[in-house]
Amino acid sequence: MIIDLETPVLVTGASGFVGSAVVANLLEKGFRRVRCFVRPSSDRTRINSLVRQYGSRQIEVTQGNLTSREDCLKATENCHVIYHLAAGTGEKSFPDAFLNSVVTTRNLLDASLEHACLKRFVGVSSFAVYTNRDKPGGRLLDESCLIEERAELRGEAYCYAKVKQDELVMEYGKQRGLRYVILRPGTVYGPGQKTITGRIGIDTFGMYLHLGGSNTIPLTYVDNCAEAIVLAGLREGLDGEIFNIVDDDLPSSRQFLRLYKRNVKHFRSIYLPHFVSYLFCYLWEKYSLRSNDQLPPVFNRRRWHAEWAGSKYSNNKLKRLLGWTPKMSTGEGLARFFESCRNGRHA
Amino acid sequence: MLKVAIVGCGKISDAHAWAIRSINGCEIVGACDKELLMAKQFSERFHVKRFFSTVQEMVEKTKPDIVHVTTPPQTHYSIARECLEYGCHLYVEKPFTLYATEAEELLTLATQKSLSVTVGHDEQFSHVARRMRRLIQSGYLGGRPVHMESTWCYDLGGDAYANALLGDKKHWVRKLPGRLLQNLISHGVAKIAEFLVGDNPQVMTHGFVSPFLRRAGEEEIVDELRVVIRDEQRATAYFSFSSQMRPSLHEFRLFGPKNGLFVDEDQQILIKLRGKRYKSYAEKFIPPLTLAGQHLGNLLRNGRSFLASDFHMESGKKYLIKSFYSSIVDRTPVPVPYGQILVTSRIMDAIFEQLSAGGPPATTLPLNSSVLATPICSS
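Everything numeric in this text was worked out from a predicted model, so none of it was measured. (Residues numbered from 1 in each chain as written. Chains lettered and ligands numbered in written order. Predicted model: local features only at pLDDT ≥ 70, side-chain atom pairs only at ≥ 80, totals over all residues.)

### Details of the overall build of chain A
Short version of the rule: Put simply, DSSP marks the helices as runs of H or I at least four residues long and the strands as runs of E at least two long, and each gets a number from the N terminus on. Exposure criterion: with C-beta atoms placed from backbone coordinates, a residue whose C-beta has 20 or more other C-beta atoms within 10 Å is buried, one with 12 or fewer is exposed, and one in between is partly exposed. Each residue gets a C-beta atom placed from its backbone, and two residues are in contact if those atoms lie within 7 Å.
The helix and strand tally for chain A stands at 11 helices and 14 strands. Here the C-alpha coordinates of chain A stretch approximately 55 × 40 × 40 Å along the principal axes. Counting the 347 residues in chain A, one finds 49% classified as buried. Expressed as a percentage of contacts within chain A between residues at least 6 apart in sequence, the contacts between residues at least 24 apart total 77%.

As structure tokens, this is what we get:
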């Protein structure tokens, strides 16, 4: 490990679904100075539960806003490893997503470099950054695949912000010697997760359209994902590396939907074959262009390739360089997820 | 070619950029944000060649004809003043300024320098608002409005902005004199101000923190507001703002001496309210039929606009910006008269003053009360 258990580590977005699992993982590993950075408006249920379990000596909860340089300076003080999970998730506005992902990351990096004690910055990105086109390994989507160059044309603020965030981190690596690792989780799921991923389908038009079909869904159980993120901050010799995070034995979209309906609730869904969903995205994109965005380009061919074209996934690099293995099997993970959905812990 | 620059590259700037790029004969020459990364992302997405972190540098290097100020309201006055000093025409997002005195200063300065100014009350230029105005100008009301009712709602539930505001005691909206209301009510107030006579309407305010917010531990943010307004010629208006009532309406009703009008901004519906009654049972059967016909007409009109690709969510903003640019080029009157901007600002000042003073008690709200009815004369 590049740090010992007494060294302070910072987790941003610590109250979130993945962030709180990262904090729990660090505490389980015996870290005794875990600083959790949360927004004033965050729901602290998960963090408070960990504080009760481990005591406030091991967890320090710092409240602030990463858009504030002062708050960033305070948060990063003495921290040798930063797990950066805070992001503008769910934002539809491009400027808001950018502000809450890129500007905040820049502030955090500047602050940590000012303290000059940072040994590793772990940036948590997303599969959303990949184009999923012209893949060198055929259908295999791995860390060598192309990033969306014109991310603003995807029509998804989150994708744009994450591409720019990754660019910023890499630029700091090149120009200012930042020691970083970037992790790109697939679809993180687990108890408490609220939605079915859009890779399977959408309910935008008042009915559930199943778009995934036989595509493999790049799932990663929240605790498996957290384990990978934590290891990426601790292992020697990983500077500048990028890792995708997916579990083993991934189900197809059709399998997932069938299991969901059987185990949680039944609802009607209509399957759109790939050529139909592609045509739909193509026509929507063209109409959006022709009508000068009367309908915003939320469906387009770039998004279709990224989410519905289908791929194979690999976690070989994760296993090889981090020594990571998914502790939770996909079967057991899905069972727990469905159970939490049944118990009402999902929307 | 009109050269346009934008100061403030947050959420609303995207709508401005879209509208400006849809208008022939203009070009965005510069973007500015005190956070340079924000200016950079804006310029990258909208293909703007130059971006800056200070207004001074942007204006000096790009020499824009028009500057759009899309920053938080606290900064509107200082940025607008700076741009006017440089000789730029101004489009300032709503609310125009924090105080009416600032609005007066800006409009006076603009007049002295022969520059044009407008405010982002774009809801007054939506399809339905323009149709309403044409009907009023044709004399449909049968005279000046006798009474108006403007309802403007904002759903606090499930919104990132609301969550951030409620959870953050240091949020910038809390630092506004009128807090949440200041950032939200100007559209609804401006609709009334358009039809008021004189500079000194009387304002009576009753506002409170909703039980919903109180349960969430909030005690500062007034999210329920009821205002009575009366102008110099005794036309009256009710303005209601609510975060809790459902449906979350954006409506305007005008009643003249002859007929009335009903405008629904959300559904883009305009309904004529016939003043004359039918005889006997005919009143029970003919109006429902004519109303059904009017709703069908609205549906067809909206459908036609959509098919003509003229039904964008921000079409009011585009129309306002286009009208403003035309007024500059053709030297014609600005789309929002300065008097209207001032009256809107003054009504808002009066509302916030009364709220901070505790406002009139809920049970006694006499229209003729000289104590509670505050003239909003600025002097």
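### What to know about helix α11 (residues 282–307) of chain B
All names here are of chain B. Test applied: What a helix is expected to span follows from its residue count: subtract one and scale by 1.5 Å.
Over its 26 residues, α11 extends 37 Å from the first C-alpha to the last, a length consistent with the 38 Å expected when each residue adds 1.5 Å. Of all the 26 residues making up α11, 0 are buried; the element is thus mostly uncovered. Immediately beyond the C-terminal end of α11, within one or two residues, lies Ser309, with a positive phi of roughly 55°.

### Section: helix α6 (residues 127–137) of chain B
Residue and element names in this part refer to chain B. We count it as follows: Directions from the helix axis toward the C-beta atoms define the arc.
Among the residues making up α6, those that are buried are Val128, Ala129 and Met132. Considered in projection along α6, the buried side chains sweep an arc of 100° and stay on one side of the axis. Within α6, the exposed residues directed more than 90 degrees away from the buried face are Arg134 and Gln137. Packed against the buried residues of α6 are β12 (260–264), β13 (269–273) and α12 (315–330). Positive phi shows up at Gly139, right after α6, with a value of about 90°.

### A short note on the sheet that holds strand β13 (residues 269–271) of chain A
Residue and element names in this part refer to chain A. Convention followed: Here, a strand pair is defined by DSSP locating no fewer than two bridges between the strands.
Pairing in this open sheet of 3 strands is mixed, and the strands run β9-β10-β13 from one edge to the other. The open sheet is flanked by β9 (201–202) and β13, the only strands paired with a single partner. Two elements, β9 and strand β10 (residues 208–210), share 2 bridges in a ladder whose sense is antiparallel. Paired with Gly201 across the strands is His210, a residue of β10.

### Some remarks on the pairing of strand β4 (residues 66–69) of chain B
Within a regular strand, side chains alternate between the sheet's two faces. All names here are of chain B. This is how it is decided: Every crossover in which the path from the first strand over the helix to the second runs clockwise, viewed with the strands pointing away from the viewer, is termed right-handed.
Judged by which residues are buried, β4 turns out to be covered on both faces: Ile66 and His68 on one side and Val67 and Val69 on the other are all buried. As defined by bridge partners, strand β1 (residues 2–7) adjoins β4 across 4 bridges and the pair is classed as parallel. Within β4, the position partnered with Val4 by the bridge is Ile66. You can see the chain leave β4, run along helix α4 (residues 76–85) and come back into strand β5 (residues 89–92), and the turn it takes is right-handed.

### So, the sheet that holds strand β3 (residues 50–52) of chain B
Residue and element names in this part refer to chain B. Stated formally: The axes are straight lines fitted to the C-alpha atoms, using for helices just the contacting stretch, and the angles between their N-to-C directions are given from 0 to 180°.
One open sheet holds the 6 strands; their spatial order is β3-β2-β1-β4-β5-β6, and the pairing between them is parallel. Strand pairing shows two members of the sheet lacking a second neighbour, β3 and β6 (117–119), which therefore form its edges. Geometrically, the sheet is characterised by an average inter-axis angle of 20° between neighbouring strands, direction not taken into account. Contacts from α12 reach β1, β2 (26–32), β4, β5 and β6, with the element oriented near 165° to β5.

### Things to note about the nonpolar core
To be explicit about the condition: A set of buried residues qualifies as a nonpolar core if it consists of Ala, Val, Leu, Ile, Met, Phe, Trp, Tyr and Cys joined through C-beta atoms within 7 Å. For the purposes of this description, domain bounds are those given by an automatic or database domain assignment.
Of all hydrophobic cores here, the largest spans 188 residues; its most connected members are Val11, Val22, Ala228 and Ile229 of chain A together with Leu90 of chain B. Split by domain, this core shows at least three residues from each of two domains, domain 1 (2–119) and domain 2 (124–325 + 341–356) of chain B. Look past the residues within four positions of Ala228 of chain A in its chain and what remains in contact with it is Leu183, Phe243, Ile245, Leu318, Leu322 and Trp324 of chain A. Counting 6 residues, the second largest nonpolar core, distinct from the first, contains Leu211, Phe299, Trp304 and Trp308 of chain A.

### Concerning the interface of chain A and chain B
To keep it simple, the criterion reads: When residues are grouped by polarity, Ala, Val, Leu, Ile, Met, Phe, Trp, Tyr, Cys and Pro land in nonpolar, Asp, Glu, Lys and Arg in charged, and all others, Gly among them, in polar.
Taken together, the contact pairs 20 residues of chain A with 22 residues of chain B. Examining the composition of the side of chain A that touches chain B, we find that 8 residues originate from one element, helix α4 (residues 94–115) of chain A, more than from any other. The residue makeup of the side of chain A that touches chain B, split by class, is 7 nonpolar, 6 polar and 7 charged.

### A short note on the confidence of the model for chain B
Residue and element names in this part refer to chain B. Test applied: Confidence of the predictor at the level of single residues is captured by pLDDT, which takes values from 0 to 100.
Per-residue confidence for chain B gives a mean pLDDT of 92, with 93% of residues at or over 70. This model gives residues 361–379 a pLDDT under 50, and the stretch forms 28 contacts once residues within four places in sequence are excluded. Overall fold confidence (pTM) sits at 0.92, and the ipTM for the predicted complex is 0.93.

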